[in-house]
Amino acid sequence: MDTAHHMILYGCQTPYATQGYWDCGKELGTCRDQAKIMYAWARNAPPTKLPKDVGFKVGGDTRINYFVLQIHYGDVKNFRDHHRDFTNADIACTYPSSPMYPFAFRTHTHSLGKVVSGYRVRNGQWTQIGRQSPLLPQAFYPVTNTIDVRNGDILAARCVFTGEGRTTITQIGGTSSDEMCNFYIMYYMDNTHAVPYMNCGDDGSSELFRNIPSEANIPIPVTPDHMMSMKHESAPHKDVVELQEPKREEEVLDQGAHLVEVSDWPEAGLQLGQVSGLALKSNGDLIIFHRGDHIWGINSFNFNGVYQQKDLGPIQQSTIMVVDPVKGKVLKASGRNMFYMPHGITTDKDDNYWVTDVALHQVFKLSSDGKDRQLLVLGEAFEPGSDKKHFCQPTDVAVDPVTGNVYVSDGYCNSRILKISPEGKYISHWGAETETFVQANLKPLPKFPAQHPVAAVQKTQEPSQKQDQQPLAAPEEKQTTKTAANQSAQGVPTAIITTLLLVPLVLVIAIGVCIRWRRGRMYSGKAAGSLNLGNFFASHKGYTRHGFDRLSTEGSDLEKDDEDGTDSENEEYSAPPAPMSSS
């Protein structure tokens, strides 16, 4: 509704125009004759299904020969966006040097790039070197095919751009409002003929690119879920201790199983939105968790993880579908008007549903009878947090079939695992937020000998059931009190001795300072020695030492705007100035 607030479909015998669009406000209407309203939609309403064998009669003698769709825009700038088509930028050069062997590639554009592809062309045959979306992390990825490039081969690349969201012409340039097309190749050569850097910037001929593989014109879709997962995959690595049981032989063999899509499944069409989770019931029925008419887009959350589209209301369609796994027929549907942004779903041994909603920041336990009974709710609605009672975009749930304990992956913001009792009581958690706690308990405990520190770490992360309801530091409370008392008793003579040793040293320093001061006043000159803080501050942020310039090798790729100047790929070939001769 922020883009198209409401729409009305008219039936006309003679519209004001028969192609394109026009302003139907003050000057023109919709139909030159009587306009007949056939359908209307507003405020993110769900679709309407007509009864079986019921339809609208049009054409013939109905005086409805044209459909006219009248759109009332919530934001007029969306109406001015006519640049949803795609355009290409092509580069090609004939390779002039000794054989080289590509082993990695990297793509780069600014915000409008959808896909960048690079090829070797030899005797009219196109062989892919690499293809990637520039909206994904722009690392060097392994090449697609192991090939060589020889004298006379053609190196060619194509960048595909969209004009969506732009109302003016986009130029090639170095700022974030401009665009550029880069395909990098990392290669090796024989050392006797090695060339460390080569560049190609020629426009490819249209005749050559008529034969480019069709894959080069197909954008690679990048979903917000994908971007979130890539974001957390790139987080700093932390060493962890993992204890893993050896895999059974059948599990190892199953890893190489070949998956084949069943093309005629489902037999009847399923009306689904973005599918966020799948699960199986104990009888083998498939459970689908989807988002209906809600879409996770770039404006769905702010930087703190707070959902920004509450005014849309909950999803009105059934979000949980129980489906026959053989034919795809819907057996049961539930979950209307409950969720805003569904994510994960799993079942327990009693076939209850455990689901997460990243917009609500909550975890739900629901009955599987299709009546939407909430058996347990964890977290506060629309309130992200990192304490024991809050989640931040929780992604999924696992249930221990023996103890009934619940493990929640929390989530896109917190990157931690919470262990919760079957009744919903917090037990423990581990992950990014418990690093300090784990380190603090690496010292030997009374329950563990000093020669087994790994066991102490494992126990800290996974407390026993008996102590689950106790504060995290409770097992050491008495011992800590006694130790503190003993240290206090022993600390008195230590403090006295330390004081006696420091008094003469302080007196000597004071006398020296006084003499230095008096001598300085006597000669009215500066002290012979001084503390130079230049080298000290040189290692701190914000201090610039003259004589040192940045040196980087990115090709003319300065992406800088007023709001964010961090995405800079600037090529500078600068060196320190020559030292001045002494006078």
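Keep in mind the model is a prediction, meaning the values are calculated, not measured.

Here's the deal with the overall build of the chain
On a plain count of helices and strands, the chain comes out with seven helices and 24 strands. In the chain, which comprises 583 residues, the proportion classed as buried is 32%. Taking the intrachain contacts of the chain between residues at least 6 apart in sequence as the baseline, contacts between residues at least 24 apart amount to 60%. When the accessible surface of the chain is split by element, carbon and sulfur atoms take 54% of a total near 38,400 Å².

Here we look at the side chain of H390
Tracing the sequence through the fold places H390 in the loop between β18 (374–378) and β19 (394–399). Classification of H390 by relative accessible area gives buried; the value is 16%.

Describing the pattern of salt bridges
This structure, assessed with the given rule, holds seven salt bridges. A salt bridge links R416 to D410, with the shortest nitrogen-to-oxygen separation between them at 2.9 Å. Note on accessibility: R416 and D410 belong to one class, buried. The network of salt bridges with shared partners includes R120, R122, D148, R150 and D153.

Structural notes on the packing of aromatic side chains
Within the structure shown, the criterion is met by 15 aromatic pairs. Plain terms: the ring middles of F301 and Y307 are 5.5 Å apart, the flat faces sit at 55° to each other, and that makes the pair tilted. On the basis of relative accessibility, which here comes to 12%, the residue F301 falls in the buried class. The class of Y307 is buried, set by a relative accessible area of 4%.

As for a nonpolar patch on the surface
Among the surface-exposed residues, L50, V54, F56, V58 and F67 lie close enough to one another that they form a single nonpolar patch of about 490 Å² accessible area. Residue position: F56 is located in the loop between β2 (36–42) and β3 (66–73).

Comments concerning the environment of P384
Structurally, P384 is set in the loop between β18 and β19. Distance in space between the C-alpha atoms of P384 and H361 is 5.9 Å, their sequence separation being 23 residues. In this structure, P384 is in contact with N304, G305, V306, H361, H390, F391 and C392, ignoring residues within four places of it in sequence.

A word on the sheet that holds β18
Pairing is antiparallel across the open sheet formed by four strands, whose spatial order is β15-β16-β17-β18. Both edges of this open sheet fall to β15 (342–347) and β18, since each of them pairs with a single strand only. The average angle at which neighbouring strand axes cross in this sheet is 20°, direction not considered. Here strand β16 (residues 353–357) pairs with strand β17 (residues 362–366) via five bridges, running antiparallel.

With respect to the pairing of strand β20 (residues 406–410)
Each regular strand shows side chains that alternate between the opposite faces of the sheet. Of the two faces of β20, only the one carrying V406, V408 and D410 is buried; Y407 and S409 on the other face are not. Hairpin connection between β19 and β20: a loop of six residues separates the two successive antiparallel strands, and G404 in this loop has a positive phi of roughly 80°. In the sheet, β20 pairs with strand β21 (residues 416–420) via five bridges, with the strands oriented antiparallel. Of the residues in β21, the one forming a bridge with Y407 is K419. The turn linking β20 back onto β21 is made up of five residues, and S415 within it adopts a positive phi angle of 55°.

Focus: the UniProt feature "binding site: Ca(2+)" (unreviewed entry) in the chain
UniProt feature "binding site: Ca(2+)" (unreviewed entry): in the numbering of this structure it lies at L278. Looking at the element boundaries, L278 is found in strand β11 (residues 275–280). In this structure, L278 is in contact with L286, I287, I288 and I345, ignoring residues within four places of it in sequence.

What to know about the side chain of H110
Mapped onto the fold, H110 is located in the loop between β5 (100–108) and β6 (113–122). For H110, a relative accessible area of 5% corresponds to the buried category. For H110, the side chain forms a polar contact with the main-chain oxygen of T175, separated by 3.0 Å.

A look at the state of the cysteines
By definition, a disulfide links two cysteine residues through a covalent bond between their sulfur atoms. Per the stated rule, a full pass over the model turns up four disulfides. Residue C93 pairs covalently with C200 via a disulfide, S to S 1.9 Å. Judged by the torsion about the S-S bond (95°), the C93/C200 disulfide is right-handed. Of this pair, C93 sits in strand β4 (residues 86–94) while C200 sits in the loop between β10 (182–189) and α1 (206–209), and the two are 107 residues apart along the sequence. Disulfide partner of C159: C181, at an S-S distance of 1.9 Å. Judged by the sign of its S-S torsion, about 80°, the bond between C159 and C181 is right-handed. In this pair, C159 is assigned in strand β9 (residues 154–162) and C181 in the loop between β9 and β10, connecting sequence segments 22 residues apart. Looking at C159, the relative accessible area reads 0%, which means it is buried. Under the relative-accessibility criterion, C181 is labelled buried at 14%.

What counts, and at which threshold
Residues numbered from 1 in each chain as written. Predicted model: local features only at pLDDT ≥ 70, side-chain atom pairs only at ≥ 80, totals over all residues. Heavy atoms only, no water. Helix = DSSP H or I, 4+ residues; strand = E, 2+ residues; numbered from the N terminus. Buried < 20%, exposed > 50% of the residue type's maximum accessible area, 1.4 Å probe, protein only. Contact = heavy atoms within 4.5 Å. Areas by Shrake-Rupley, 256 points an atom, 1.4 Å probe, with all protein chains shown as cover. Salt bridge = Lys/Arg side-chain N within 4 Å of Asp/Glu carboxyl O. Phe/Tyr/Trp six-rings, centres within 6.5 Å; stacked < 30°, edge-to-face > 60°. Patch = residues over 30% accessible without salt bridge, like charges linked within 9 Å, V, L, I, M, F, W, Y side chains within 5 Å. Pairing = 2+ DSSP bridges. Axes fitted to C-alpha atoms, helices over the stretch in contact; angles between N-to-C directions. UniProt positions renumbered as here; feature names shortened; annotations may be inferred. Polar contact = N/O pair within 3.5 Å; in protein donor to acceptor, adjacent residues only side chain to side chain. Disulfide = S-S within 2.5 Å.

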